[in-house]
Amino acid sequence: MNRTASNLTFALGFFALAAGVVLARANPATSYESSIYTGTPTTVWICFAVALGLSVVAAVAARGRSQTLGIVLGATTVTSIVSLPVLRNYRFSGMGDALTHLGWTRDIVDGLLAPHELIYPGVHSLGATLHLLGGIPVERALLLTIVVLFVPFLIFVPLTVREMTGSPAAVGVAAIVSWMVLPINNVATHMGIHSNSNALFLVPVVIFALVAYLRRRSTVERLPFGLSPYSALIYLSGIALLVVHPQQMINVVVLVGAVAGVQFLARWRFSDHPMVDQPTTYAHTIVLGTLFAVWTVSNERFRSAAVGLVEGILTADVGASAEVDQRGASLTEIGGSIQELFVTMFLDAAIVGVVAALFVLVTWLGWTSLDREAASFVTYLAIALIPLGGIFLVYFVGTPTMAFRQVGFIYVLLTILGAIGIAHVIGGLSRVITRPGANAVASVGLAALLVLGLMTVYASPLIYNPSQHVTDEQFSGYESGLEHGAEGYSHAAVGYDPFRYDHALHGLEGEETLSGATAATGEADPDELAAGNYTGAYHGLDYYLIVTEYDLTREIEVYQELHYSEQSLERVGSDPAVDKVISNDEFEMYAVVSEDDDE
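Described below are features of the structure shown in this document. (Residues numbered from 1 in each chain as written. Predicted model: local features only at pLDDT ≥ 70, side-chain atom pairs only at ≥ 80, totals over all residues. Heavy atoms only, no water.)

### Some thoughts on helix H20 (residues 400–432)
Since one α-helical turn is 3.6 residues long, residues separated by three or four positions face the same way. Here H20 is 33 residues long and its end C-alpha atoms lie 44 Å apart, about the 48 Å a rise of 1.5 Å per residue gives. Of all bends in H20, the biggest is about 25°, found at Leu414. (Helix = DSSP H or I, 4+ residues; strand = E, 2+ residues; numbered from the N terminus. Expected span 1.5 Å × (residues − 1). Bend = angle between axes of the 7 residues up to and from the residue.)

### Let's talk about helix H18 (residues 338–364)
Where H18 bends most, at Phe346, the angle is about 65°. Restricting attention to buried positions, one finds in H18 the residues Leu341, Thr344, Met345, Asp348, Ala349, Val352, Gly353, Val355, Ala356, Phe359, Val360 and Thr363. (Buried < 20%, exposed > 50% of the residue type's maximum accessible area, 1.4 Å probe, protein only.)

### Focus: the environment of Ala374
In this structure, Ala374 sits in helix H19 (residues 372–398). For Ala374, a relative accessible area of 3% corresponds to the buried category. Beyond its immediate chain neighbours, meaning those up to four positions away, Ala374 contacts Met164, Thr165 and Arg215. (Contact = heavy atoms within 4.5 Å.)

### Brief notes about a nonpolar patch on the surface
On the surface, a cluster of nonpolar side chains totalling about 550 Å² of accessible area is made up of Val354, Leu358, Leu361, Leu365 and Trp367. Inspection of the secondary structure assignment puts Leu365 in the loop between H18 and H19. For Leu365, a relative accessible area of 45% puts it in the partly exposed group. (Patch = residues over 30% accessible without salt bridge, like charges linked within 9 Å, V, L, I, M, F, W, Y side chains within 5 Å. Areas by Shrake-Rupley, 256 points an atom, 1.4 Å probe, with all protein chains shown as cover. Salt bridge = Lys/Arg side-chain N within 4 Å of Asp/Glu carboxyl O.)

### A word on the pattern of salt bridges
According to the stated counting rule, one finds eight salt bridges in the structure shown. Glu373 is the salt-bridge partner of Arg215, the closest N and O atoms lying 3.6 Å from each other. Taken together, the residues Arg215 in helix H11 (residues 203–215) and Glu373 in helix H19 connect sequence positions 158 residues apart. Residue class for Arg215 comes out partly exposed when judged on its relative accessible area of 26%. In this structure, Lys580 engages Glu588 in a salt bridge whose closest nitrogen and oxygen atoms are separated by 3.5 Å. Classification of Lys580 as partly exposed rests on a relative accessible area of 47%. It is possible to trace a salt-bridge network through shared partners that takes in Arg91, Arg106, Glu139 and Asp472.

Quick look at the structure:
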């Protein structure tokens, strides 16, 4: 392709991207959206598809300036997709932990909480900074924080692959695989205000610094005290990761420690090998491990989590297999299946993982074109997967949610290894068919996997998990309900516990925690609620029952009345012992007088 044709092609791509962003901004969400995919206008997706299609082809087939432009176009498009809650003017996105994170950020802004008093203050501090500097609402500042922390992932995955291999083909494929956002699995890692998940996107920065430190052994570029610039970057990025979430920091310590262990064995076994000539990572392992220990061991939240993990391991009825069985049974009841959900959520990740595993095997057998130093980097990451996989198994037995968080970290490494492996597959295919033919096949295959990956970046009914879009009406309803509720009445909800909204609206410092409950936790009796016995559903106490549009969408449209029938949720107001006290388009709150009071 000549320069003029290339310029016109990229002009089309960037125009399509710009048009998509403008159209998304011009069509803000006006009510609760169960799916950001269906809520966003189709024309926006067409524009983004054009931009991504051109960028995939350029990343695979082009080199030099054209490949760089293609990678920039694709990365910017994926960033725009991740930014849709901001572009479409969501009030907030995320329930449960996300609302508590919002409360902590409010406390920091109001001076009621110092950042260092949290074990992971990174997200909250960045959100507070964006709020104070930009003069934007705290909710919007946190949504922007998601985007700010996501961008390094798209930048440093291809940079790491370039540093490892020097192959333009592998760099292009790495960019595309990074756009699939494989560390997000929507089981325990999410694209939202979730510190553990947000930290995953900083991990490639540490890996890049580690690889650059090992490869660039020149003594010309030195900081004071003989410190390598890349050593400094390892420490600085490690500290950043620590304050965003320590769990991902300990994984980095394991990774760097695995590199140190391989280097020790290489020095014992070989006299002439790139690993022997590379600088050691012994000091980095000790320093990063010490930072983690000092930061976490004295924290009560960390100790509680560790105790919970041990108790989970020792408890026979706890484990991820039991949780999968339970969810599989529920899926079958509403016409779905684990197999169908696996294909939707994990097929792209499974394919990349298999390619990564096979690539490591053929690298160790010496069947690839990698030089010995590039192969040593592959070995480092592959060996690190062994202890990281062991941690996954411990979590799997003890704390299922933590196990899927561990999978998120593992897939940062598999994104890198899988991308290099796919590039080798394309190179091998080009020797069987023509280079243009191999590029065409690769572009189509990678584009299909990219679609699968981007379809599940955000929760939606497609994966039986409606969007956690929090609207103005929901916030307004909770604010009025919490402020004007009668004394002695507790708050119960069909969905998320009302105390989360108390956190989001008022912070966690300086006020007593709201007395709240949900049917899901068993504090309110779900069977009684489902049967329409509202007066007997909350331990015989007077209470407020809260039903939001999110609850109705989840229970009726997504769960297909698995737990509550449409009739049981809609006839609340007709019960003589129930009074509707607050109502808007997204939120209803009922005052329920207990059976004892009726008597």
